[in-house]
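Notes for the structure review
Chain residues, written in single-letter form:
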Amino acid sequence: MKTRTRLTILFTIITAAILLVFATIILVSARENREKEFYALLKKEAITKANLFFNAKVNSKTLQDIYKNNRATLNEVEVAIYKTSFQLLYHDAVDIDVVKETKPMINEIVRKGEIQFYQNDWQVIGMKYNFQEKEYVITAAAYDGFGYIKLDNLLKTCIIVFIISILILYITGHFFSKKAFEPIVKMTSKAKKISATNLDLRLDINQSKDEISELAATFNKMLNRLENSFDSQKQFVSNISHELRTPLSAIIAELELSTNKERKIEEYKIVISNTLQDAKKIAKLSNSLLDLAKANYDPSEITFKQIRIDEVLLDAQQQVQKSNPNYNVAIHFENNFEDDDQITVNGNEYLLKVAFVNLFENGCKFSESKQSKVLISFKKEAIILQFYDNGIGILEEDLKHIFKPFYRGSNKIYADGNGIGLSLTQKIILLHKGTISVLSDKKSGTIFTVELYHDTKATID
Ligand code: ADP
């Protein structure tokens, strides 16, 4: 069921329930009022007749005639007057005799002073009456025909008004909910048109600052982010294929050339060495992409444990020097650490080593001396690692882009690479809730500062 219909029905049911309670209260109180008023009328009539009988000394025959005449047109009250000894003094119509008085009933009236009850639909009142210091008992009964007709009419009116109100409520509720949901219906039909091929489409936002426009604006912002990430995904894939194509084309060209005709052993050796280098480039790229994928995992899927940063740095140093014997990596401590906790962080050993290897390799490959150093210092809550070199430096305009995937600075001609290293390094450091920043100068070289905190909330084992 659509929310619109559900809301309309809910609104109608709630209002109907309120109307029902309201109508019930009115009907119940009308019933009670009718009953009370009619008992009061009975009492008044009984006293009037008793007064006529005792005070005005109107004889029984006249009173009975009046009663009979009135009965034809009105709901005349039938009155009977008794002595307390249950001796009948007067009766409007003995032949009709609605109230079948008994001795115990008369006694009860004498004892209580007044009683009220129903005999079939007739209301009856029994009361004491004093005349010349003597006690008498009067009973009066009548059927409140007008009262019941009035009640009946009220009930019918209530039912008709109730049904009409429910209909009006449902129709107006339906109309207003349709109006209220119109912008959402429009949004839905527009959103249905948005797909991967037209991510540039946006929802219409009206000027009023209501919740719907806010929702549309938020949705549009989400589409902006989606479009951006979609574009960067596309860019990423095209960068990967480009990075793969270059060494692969070189390998194919070299091998084709060497198979064209018979060549000397030395020439074959050169071809093999060149293709080996290109194959290594491809292997490096695929390793970097694999690491990038790992760094992009959900942190909850990565194993974190307490690791000593100096040990990871030593591992990284060995790896760099083993794969590049001409590189020189040095590790220095600015100040001594007091206990192991100071050099320990909660992290993933493999990923941190990947990050440090990238920083060491960059330092070496972008400097003439092929040297890179790291200086370890301590703050109360963090370990600070400064990776520095005396290399060629990074241009000011490149600095803000170097952490983007596949970005290579204007100094790229100086060394081979694929532009993944720094973006991967930054991802790994952020995954460890750390920070990475860079300072560079053409003359003095480059410093990457990494801060790793002891108290990372990323502890997932
Ligand atoms: P790659 O080293 O494969 O080119 P990176 O992502 O590691 O890719 O680095 C991106 C760019 O940042 C490099 O192309 C280079 O221009 C610049 N860069 C990084 N580290 C240094 C450094 N130590 N000295 C000079 N330039 C650097």
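In the block above lies the structure referred to throughout.
Residues numbered from 1 in each chain as written. Predicted model: local features only at pLDDT ≥ 70, side-chain atom pairs only at ≥ 80, totals over all residues. Heavy atoms only, no water.

This part covers the side chain of asparagine 411. Secondary-structure assignment places asparagine 411 in the loop between helix H9 (396–399) and helix H10 (421–431). Not counting the four nearest positions on each side in its chain, asparagine 411 is found in contact with Phe366, Ile392, Gly393 and Ile394. (Helix = DSSP H or I, 4+ residues; strand = E, 2+ residues; numbered from the N terminus. Contact = heavy atoms within 4.5 Å.)

With that settled, consider the site of the ligand. What surrounds the ligand is a group of 20 residues, the closest being Asn362, Arg408, Asn411, Asn418 and Leu422. In the environment of the ligand, an oxygen atom lies 3.4 Å from a nitrogen or oxygen atom belonging to the backbone of glycine 421. Notes on the ligand: free accessible area 530 Å², of which the protein chains cover 98%. Mapped by element, the contributors of at least two residues to the shell around the ligand are helix H8 (349–365), H10 and strand E12 (445–453). With 3 residues, H8 is the single largest residue contributor to the shell around the ligand. The class makeup of the residues in the shell around the ligand is 7 nonpolar, 10 polar and 3 charged. (Near = heavy atom within 4 Å. Polar contact = N/O pair within 3.5 Å; in protein donor to acceptor, adjacent residues only side chain to side chain. Areas by Shrake-Rupley, 256 points an atom, 1.4 Å probe, with all protein chains shown as cover. Nonpolar A, V, L, I, M, F, W, Y, C, P; charged D, E, K, R; others polar.)

Here the focus is the pairing of strand E2 (residues 88–91). Strand direction decides the pairing type here: strand E1 (residues 78–83) and E2, joined by 3 bridges, are antiparallel. Each residue of the ladder has a partner; that of tyrosine 82, found in E2, is leucine 88. Counting the residues between successive antiparallel strands, the hairpin from E1 to E2 contains 4 residues, one of them, phenylalanine 86, with a positive phi of roughly 75°. (Pairing = 2+ DSSP bridges.)

Attention shifts here to the sheet that holds strand E3 (residues 114–119). One open sheet accounts for 5 strands, arranged E2-E1-E5-E4-E3; its pairing is antiparallel. Across the chains shown, the open sheet's two edge strands, defined by having one partner strand only, are E2 and E3. Averaged over all pairs of adjacent strands, the angle between strand axes in this sheet comes to 20°, irrespective of strand direction. In this structure, E3 lies alongside strand E4 (residues 122–131), joined through 6 bridges in antiparallel fashion. Directly across from phenylalanine 117, in E4, lies its bridge partner valine 124. Those strands touched by helix H1 (residues 3–54) are E1, E2, E3, E4 and strand E5 (134–142), and its axis lies near 40° from that of E4. On the sheet, helix H3 (residues 103–112) packs against E1, E3, E4 and E5 and is oriented at approximately 140° with respect to E3. (Axes fitted to C-alpha atoms, helices over the stretch in contact; angles between N-to-C directions.)

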